[in-house]
Amino acid sequence: MTTSPPLRLLVVEDHHALRANIAALFEAHGHVVDFAADGRSGLRMALDAPPDVLVLDLGLPGMDGLDVCAELRARADRHIPVLMLTARDALDDKLLGFRHGADDYLVKPFAGEELLARCLALSRRHLVGDRHVIEIGRLRIDRRNGLVEREGQRIELAHSPYRILLALAEAWPRTLTRSELVHRLWGDDAPPSDPLRSHLYALRQALDRPFPRPMLVTVHGVGFRLEADA
Ligand code: CA
């Protein structure tokens, strides 16, 4: 039996035998598994009853996993952790998955126990997102009063750099794309040219400059993420 609370998992996978294997494994550990065999019904189910973790196949009939993920990110009122499954192991696919909002990624064939471990990790990260205080390594953000500390030192941030940091912290350890960040900060009214540039610079100066190791990391060709300095 599992020692953590049961997960509600939604598996969107068109391969019948794989679906059955995943169900057997998760149910043996006390978790609850729902299924969809195509992208559109999977998306509808995820929006109607958000699961703790969505396990999403990349190659699906009708609407593929990347489109499901992008649509989910645009329409869901909360962050649903997404683990993407794919038979392809090219780096390009991984980057594409993250650009479409996946939190994690597993290449087929995979060990069932690894899928289980990653789903549990994703769900725990998700729970962290509901608390007032976010702690990532030695960074601490109190969302009630906007107080930010790193290694016990107060980090002073203006409004936009703070919101960038908060968005990255809430998504941690996922990489946020530039367009996700721009959308998070300004919605559809983003300023022209490169609106993030000066705010990212200000954030780096305050968050990273006084410390030996940067927490704000550029993922080339994708976007930005936080790296814990524990
Ligand atoms: Ca498939």
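In case you missed it, the structure is sitting above this.
First, a word on scope: everything that follows refers to the structure included in this document. Not measured: the values here are computed from a predicted model.

1. Here we look at the coordination of the calcium ion
- Of the protein atoms, only D14 (OD), D57 (OD) and G59 (O) coordinate the calcium ion, at distances of 2.1 to 2.3 Å.
- Along the chain, the residues donating to the calcium ion are arranged with the sequence spacing D-x42-D-x1-G.
- A relative accessible area of 40% places G59 in the partly exposed class.

2. Some remarks on the side chain of S160
- Following the sequence through the fold, S160 ends up in helix α6 (residues 159-171).
- Among the residues examined, S160 registers a relative accessible area of 16% and is labelled buried.
- Apart from the residues lying within four places of it in its own chain, the contact partners of S160 are L185 and H199.

3. Brief notes about the pairing of strand β1 (residues 8-12)
- Buried residues dominate β1, accounting for 4 of its 5 residues.
- Pairing between β1 and strand β2 (residues 32-36): 5 bridges, direction parallel. Paired with V12 across the two strands is A36, which belongs to β2.
- In terms of handedness, the path from β1 via helix α1 (residues 16-28) over to β2 forms a crossover that is right-handed.
- With 4 bridges joining them, β1 and strand β3 (residues 53-57) adopt parallel strand pairing. Bridge pairing in β3 places L10 opposite L54.

4. Things to note about the sheet that holds strand β12 (residues 223-226)
- Taken together, 3 strands build an open sheet; the order of strands is β10-β12-β11 and the sheet is antiparallel. Of all the strands in the sheet, just β10 (176-177) and β11 (216-219) have a single pairing partner and so form its edges.
- In this structure, β11 lies alongside β12, joined through 4 bridges in antiparallel fashion. Along β12, the bridge assignment pairs T218 with F224.
- Against the sheet, helix α8 (residues 196-207) touches β11 and β12, its axis set at about 140 degrees to β11.

5. Looking at the pattern of salt bridges
- In total, this model carries 12 salt bridges according to the counting rule given.
- Put simply, E13 and K108 hold a salt bridge, and the shortest N to O gap is 3.1 Å. With E13 in the loop between β1 and α1 and K108 in the loop between β5 (104-107) and α5 (112-128), the pair connects residues that are 95 residues apart, well separated along the chain.
- Between R150 and D208 there is a salt bridge, and its shortest N-O distance comes to 2.9 Å. Taken together, the residues span a long stretch of sequence, with R150 in strand β8 (residues 147-150) and D208 in the loop between α8 and β11 at a distance of 58 residues.
- Judged by relative accessible area, which is 1%, R150 ranks as buried.
- Overall, the relative accessible area of 8% leaves D208 in the buried class.
- Residues joined by salt bridges that share partners form a network here, namely E13, D57 and K108.

6. Comments concerning the sheet that holds strand β9 (residues 153-154)
- Spatially, the 4 strands line up as an open sheet ordered β6-β7-β8-β9, and their pairing is antiparallel. Two strands in the sheet have a free side with no partner beyond their single neighbour: β6 (133-136) and β9.
- Two elements, β6 and strand β7 (residues 139-142), share 4 bridges in a ladder whose sense is antiparallel. Paired with V133 across the two strands is D142, which belongs to β7.
- In the packing of α6 onto the sheet, the strands contacted are β6, β7 and β8, and the crossing angle to β7 comes to about 110 degrees.

Criteria and thresholds
- Residues numbered from 1 in each chain as written.
- Predicted model: local features only at pLDDT ≥ 70, side-chain atom pairs only at ≥ 80, totals over all residues.
- Heavy atoms only, no water.
- Donors = N, O, S within 2.8 Å, 3.2 Å for Na, K, Ca; no water.
- Buried < 20%, exposed > 50% of the residue type's maximum accessible area, 1.4 Å probe, protein only.
- Helix = DSSP H or I, 4+ residues; strand = E, 2+ residues; numbered from the N terminus.
- Contact = heavy atoms within 4.5 Å.
- Pairing = 2+ DSSP bridges.
- Right-handed = clockwise from strand over helix to strand, strands pointing away.
- Axes fitted to C-alpha atoms, helices over the stretch in contact; angles between N-to-C directions.
- Salt bridge = Lys/Arg side-chain N within 4 Å of Asp/Glu carboxyl O.

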